[in-house]
Amino acid sequence: MYDETRADDMIIRCIRALLKRNPQLPPDQVDEVALAATTQIGDQGLTLGRTAALLAGLPKSVPGFSIDRMCAGAMTAVTSMAAAIQSRNYDIAIAGGVESMSNHPMGEGVDPNPRIVAEKLVDPDALQMGKTAENIHDLYPEITKDRADAYSAQTQARYAEHWEKLAADIVSMQAYSSDEGWTVATNDQLPRPGTTVEGLAQLKTPFRSHGRVTAGNAAPLTDGATACLLADAETAAELGMPASMRMVGYAFSGVDPEVMGVGPVPATEKALRRAGLSIEDIGLFEINEAFAVQVLSFLEHFKISDDDPRVNAWGGAIAVGHPLASSGVRLMTQLSRQFAEHPEVRYGITTMCVGIGQGGTVIWENPNFEGSK
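Source: prediction; values computed, not measured.

Thresholds applied
- Residues numbered from 1 in each chain as written.
- Predicted model: local features only at pLDDT ≥ 70, side-chain atom pairs only at ≥ 80, totals over all residues.
- Heavy atoms only, no water.
- Axes fitted to C-alpha atoms, helices over the stretch in contact; angles between N-to-C directions.
- Helix = DSSP H or I, 4+ residues; strand = E, 2+ residues; numbered from the N terminus.
- Parallel < 35°, antiparallel > 145°, perpendicular 65-115°, else oblique.
- Contact = heavy atoms within 4.5 Å.
- Nonpolar A, V, L, I, M, F, W, Y, C, P; charged D, E, K, R; others polar.
- Pairing = 2+ DSSP bridges.
- Expected span 1.5 Å × (residues − 1).
- Buried < 20%, exposed > 50% of the residue type's maximum accessible area, 1.4 Å probe, protein only.
- Salt bridge = Lys/Arg side-chain N within 4 Å of Asp/Glu carboxyl O.
- Left-handed = near helix turned anticlockwise from the far one by under 90°.
- Polar contact = N/O pair within 3.5 Å; in protein donor to acceptor, adjacent residues only side chain to side chain.

S.K.: Explanation requested: the packing of helix H6 (residues 145–162) against helix H10 (residues 292–301) in the structure shown.
M.R.: Packed helices, taken two at a time, are described by their axes: the angle between them and the distance between them. Running from N to C, H6 and H10 point in directions that differ by 100°, and their axes come no closer than 9 Å. On the basis of their axis angle, the class for H6 and H10 is roughly perpendicular. Here Arg147, Ala148, Tyr151 and Ser152 of H6 lie close against H10, whose contacting residues are Ala292, Val295, Leu296 and Glu300. Its residues assigned to classes, the contact of H6 with H10 shows 5 nonpolar, 1 polar and 2 charged.

S.K.: It is not clear to me how the sheet that holds strand S1 (residues 32–36) should be interpreted in this structure. Could you clarify?
M.R.: Pairing within the open sheet is mixed, and its 4 strands lie in the order S2-S1-S3-S6. Where the open sheet ends on each side, the last strands, each with one partner, are strand S2 (64–67) and strand S6 (223–231). The mean angle between the axes of side-by-side strands here comes to 20°, regardless of whether they run parallel or antiparallel. Of the pairings in the sheet, the one linking S1 to strand S3 (residues 92–100) comprises 5 bridges and is parallel in character. The residue bridging Val33 from the neighbouring strand is Ile94, located in S3. Sitting on the sheet, helix H2 (residues 48–55) is in contact with S1, S2 and S3, with an inclination near 135° to S2. In the packing of helix H12 (residues 327–341) onto the sheet, contacts are made with S3 and S6, and the angle to S6 comes to roughly 60°.

S.K.: Teacher, can you tell me more about the sheet that holds strand S9 (residues 347–354) here?
M.R.: Strand pairing in a sheet relies on backbone hydrogen bonds, with the paired strands running either antiparallel or parallel. Here 4 strands make up an open sheet; going across it, the order is S7-S10-S9-S8 and the pairing mixed. On the outer flanks of this sheet lie strand S7 (246–254) and strand S8 (282–287), each paired with one strand and no other. For this sheet, the mean inter-axis angle between neighbouring strands, taken without regard to orientation, is 20°. Relative to S9, S8 runs parallel, the two sharing 5 bridges. Opposite Ile282, over in S9, you have Tyr347 as the bridge partner. Across the sheet, helix H3 (residues 73–86) touches S7, S9 and strand S10 (358–365), and the angle it forms with S7 is around 125°.

S.K.: In this structure, what is going on with H3? I would like to understand it.
M.R.: Residues three or four positions apart in an α-helix share a direction because the helix packs 3.6 residues into each turn. Counted at 1.5 Å a residue, the expected span for H3 with its 14 residues is 20 Å, and the 20 Å between its end C-alpha atoms agrees. Burial within H3 is extensive, with 11 of its 14 residues counted as buried. Considered for burial, the residues of H3 that qualify are Gly73, Ala74, Met75, Thr76, Ala77, Val78, Thr79, Met81, Ala82, Ala84 and Ile85. Arg88 sits one or two positions beyond H3 and adopts a positive phi of about 70°.

S.K.: What is the right way to look at the pairing of S2 in this model?
M.R.: Looking down a regular strand, the side chains alternate between one sheet face and the other. With 4 bridges joining them, S1 and S2 adopt parallel strand pairing. Within S2, the position partnered with Leu35 by the bridge is Ser66.

S.K.: What exactly am I supposed to notice about the pattern of salt bridges here?
M.R.: When the charged atoms of two side chains with opposite charge come close together, those side chains can pair. Here the structure, examined in full by the defined rule, presents 13 salt bridges. Here Glu341 and Lys165 are joined by a salt bridge, their closest N and O atoms 3.5 Å apart. Separated by 176 residues along the polypeptide, Glu341 in helix H12 and Lys165 in the loop between H6 and strand S4 (173–177) bring together distant segments of the chain. A cluster of three or more residues bridged by salt bridges with shared partners is formed by Glu134, Asp138, Arg208 and Arg212.

S.K.: What's the story with the packing of helix H1 (residues 7–21) against H2 in this structure? I'm lost.
M.R.: Here H1 crosses H2 at 60°, and the two axes come no closer than 9 Å. In terms of axis orientation, H1 runs oblique to H2. Of the two elements, H1 crosses H2, and the hand of that crossing is right-handed. On H2, the residues that touch Asp8, Ile11, Ile12, Ile15 and Arg16 of H1 are Leu48, Ala52 and Leu55. Residue composition of the contact of H1 with H2, grouped by class: 6 nonpolar, no polar and 2 charged.

S.K.: For this particular structure, what's the right way to read the environment of Ser66?
M.R.: Relative to the elements of secondary structure, Ser66 occurs in strand S2. Classification of Ser66 as partly exposed rests on a relative accessible area of 23%. The sequence separation of Ser66 and Ser253 amounts to 187 residues, and the corresponding C-alpha distance is 21 Å. Only 2.6 Å separates the side chain of Ser66 from the backbone nitrogen of Leu48, close enough to count as a polar contact.

So, in structure tokens, the structure goes:
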């Protein structure tokens, strides 16, 4: 639907909606706008955080910048702004991301240094995300294609069951199509609620002959934008803005690029260690579903069952898509909605793998936790 819509217009719409939904926030009190995009060219370039802030109607006194950590772009925008707030350099910030994959496919315009391959710094498979997923299947032979398909059908079913709960966070937007004219998008287009394991089994494996990764057990490529509001507790209280969750800590970690999907494992271990927590303390998990095998490798490592109700309880990227740099904030808003329904849960995490061999994890605390009252 958004293939004829500018990427910056998508993120501008999100920022405007964010300000409209928080009328108690004086726009001139926003200290920074940090926006992520993986392919920073064309309508996703030109210091997007600043230009989008101006176009969204924020005062000219509000600065902004762009950031890139591929899939974890919006996540990094959030953690960077949270760190700035924690150090008392900022009080309020807007963070988010956008990706128009219809117009800017991953890798467009890039020129990898030939030393990367010539000096064998990474395996050539590292430059093709689908191949990295096949490599994880090799690393974990117990994660079969059947198991990946079963997980994928499960996440489609979970999203179909819970999508209405996520509607409050969706920003409707007009979009023009040369085929249909002007239309209004009010919900995600990609979910396939009737998905079955039998149907998934028939799909081709484009990355390897007789492979295991298909279009059905991977996140579909799509367009999207996200934005969120961050503030320190004192400022939020003064302005009457209730917190949906509190950041406890975060960590990023590097892994072999050719198995980039395992990145969430060391990132989560590092974040838990720094926070003085264990995996048993986590009551809800939002794991980005770039590929089913990537999520399953995380569950395998931490000895969590594939159908554990704490994991992506309302579905994930295999159902709704993964517009690269914007997905980190979607994970966060989805977790915050679940926190509101689960006052018995104190901690949750959002985690994702990152191209070229990284992982990122953020630990969050539930302000509704009944044990803190």
